[in-house]
Structures are given as C-alpha cells and as structure tokens.
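As a plain string of letters, each chain reads:
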Amino acid sequence: MKGRPQKGGLSLKITTMKLKYLPAFLCLFTYLNCNGQTWKFDFGSGKVKKGYIKIDDKNDFSNQSGYGFDFSTKPQSVKFGKDPIKGDACTSDKGFYFSVNVPEGDYRVKVLLGNGEKDSKTTVRGESRRLFYDNVYTGKGEFKEIVFTTNVRYSSIDSTEKV
C-alpha cells in the first residue's frame, strides 16, 4: 500500500489534559484487529511485552514501518514501573496522532488509559476527526480499557479515479 494513513489508513488522535498541574499519561497499549490480522503496540520507554511492537517517542510515521506518530506530533515516552504494559506510556499535554497504514476494513481498537502515579484525562479520536471517547478520567493507579470499532476505506476507485 502506498501513501499515508490519512489517505486511507487508521489515525488516532490522542489528547490528554493536565489535572492539578501534573502531566497526564495515556495509551499504554493499542490493539487493532481486522480479518484475522492483529497489530499490538506497547507504548513507552520501558521493556516491551512479548508479542507487541515497541512504540516510543522516536517512532515517527513512515511508509516503511507503516505506523508511528504522525502530523509532526510527538509525545514523550516515560517509564514509571516494571510492568511491560502498565509501567510505561507515551504522554503529552497537547494532542498527538498515532497512525497505522492498514488495509480497508472494520477495525476493533482497544486502548488502555491510565497511570500508576498520576491522575489523567484523555480524549481519543479516530480517522483524524471522529470522537470516540471524550475526557476519560483515570485516577492515580487506575487503568481503563476503552474499545471502539472504526472503518477504513480508501477514496481511490482505481489508479486514476477517486470518490
């Protein structure tokens, strides 16, 4: 597949808000599943869980990898524990985009939100615009798994025509 996700892949915009002047943490893992194909991403600077793809602040989107932080947004990778999933994260007090170049289809997306050390509020959008979750609050040490389904369609009919 050629092109960036905004031309037909899946882009998630993650926005965190500061609470009590503490940085918000989010998006510890993302799980995408479509037609039997699965992508598992482990976000943060800690040890990666077996079977997952490590994502840290160095993972800018590229056509070669097919995934990464997109639209010149870059969160910070942090580590705050030993657990491969709940002990690290990517965070920012501004919104950031994580994109995956995927085939057309319906995708079930799971995202784990939270932090072992701080409160946070997180908003998740897909397809660069569609609101899935707004201001999800997680207290210190609390984690919430959110799940949603999104559809990916390409605008190209063939190599010369677009919808």
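Residues numbered from 1 in each chain as written. Predicted model: local features only at pLDDT ≥ 70, side-chain atom pairs only at ≥ 80, totals over all residues. Heavy atoms only, no water.

Caption draft 1: Representation of the nonpolar core in the model. Counting 21 residues, the largest nonpolar core has Phe41, Phe43, Ile55, Phe69 and Phe98 as the members making the most contacts within it. For this core, the secondary structure elements donating two or more residues are strand 3 (37-43), strand 5 (67-70), strand 8 (96-100), strand 9 (105-115), strand 11 (130-138) and strand 12 (142-152). It is strand 9 that contributes the most residues to this core, 4 residues altogether. (Core = buried A, V, L, I, M, F, W, Y, C linked by side-chain atoms within 4.5 Å. Buried < 20%, exposed > 50% of the residue type's maximum accessible area, 1.4 Å probe, protein only. Helix = DSSP H or I, 4+ residues; strand = E, 2+ residues; numbered from the N terminus.)

Caption draft 2: Summary view of empty space enclosed by the protein. Tallied over the full model, the rule gives 1 cavity of 30 Å³ or more. The volume enclosed by the largest cavity comes to roughly 30 Å³. Grouping the amino acids of the lining of the largest cavity by side-chain chemistry returns 1 nonpolar, 3 polar and 5 charged. (1 Å grid on protein atoms, 1.4 Å probe; cavity = no way out; pocket = protein on both sides within 12 Å on 5 of 7 lines; lining within 4 Å. Points joined across faces, edges and corners; volume = space filled by probe spheres on them. Nonpolar A, V, L, I, M, F, W, Y, C, P; charged D, E, K, R; others polar.)

Caption draft 3: Seen up close, unusual backbone geometry. In the Ramachandran plot, Phe71 falls in the positive-phi region, its phi being about 60° despite a non-glycine side chain. Inspection of the secondary structure assignment puts Phe71 in the loop between strand 5 and strand 6 (76-79). Residue class for Phe71 comes out partly exposed when judged on its relative accessible area of 32%.

Caption draft 4: Highlighting the pattern of salt bridges. Enumeration over the complete set of coordinates arrives at 2 salt bridges. For Lys74, the salt bridge identified is with Asp60, shortest N-O distance 2.8 Å. Taken as a pair, Lys74 in the loop between strand 5 and strand 6 and Asp60 in the loop between strand 4 (53-55) and strand 5 lie far apart in primary sequence, 14 residues in all. (Salt bridge = Lys/Arg side-chain N within 4 Å of Asp/Glu carboxyl O.)

Caption draft 5: Molecular detail of the pairing of strand 9. Judged by how many residues are buried, strand 9 sits mostly within the fold: 9 of 11 residues are covered. Both strand 9 and strand 12 contribute to a ladder of 11 bridges, which runs antiparallel. Its bridge partner being in strand 12, Asn115 is matched across the sheet by Glu142. (Pairing = 2+ DSSP bridges.)

Caption draft 6: Quick look at the side chain of Asp56. One can find Asp56 in the loop between strand 4 and strand 5. Despite its burial, Asp56 remains without a salt bridge, the nearest opposite charge being carried by Lys58 at 4.4 Å. (Lys, Arg positive; Asp, Glu negative; His and termini not counted.)

Caption draft 7: Main features of the confidence of the model for the protein chain. Model confidence for the protein chain is summarised by a mean pLDDT of 77, while 75% of its residues fall at 70 or above. No element of the protein chain has a lower mean pLDDT than strand 1 (residues 10-17), at 56, and none a higher one than strand 4, at 92. The low-confidence segment residues 1-8 (pLDDT under 50) makes 26 contacts with residues lying over four places distant or belonging to another chain. Across residues 17-29 the pLDDT falls below 50, and counting only partners more than four positions away or on other chains, this stretch makes 60 contacts in the model. (pLDDT = per-residue confidence, 0-100. Contact = heavy atoms within 4.5 Å.)

Caption draft 8: Fine view of the environment of Tyr154. With respect to the helices and strands, Tyr154 occurs in the segment after strand 12. Relative accessible area serves as the criterion here: at 24%, Tyr154 is assigned to the partly exposed category. Sequence-wise, Tyr154 and Gly105 are 49 residues apart; in three dimensions their C-alpha atoms are separated by 9.7 Å.

Caption draft 9: Structural view of the environment of Val48. Looking at the element boundaries, Val48 is found in the loop between strand 3 and strand 4. Sequence separation between Val48 and Asp83 is 35 residues, and the spatial gap between their C-alpha atoms is 9.1 Å. Val48 has contacts with Asp42, Ile53, Lys54 and Pro84, leaving out every residue within four places of it along the chain.

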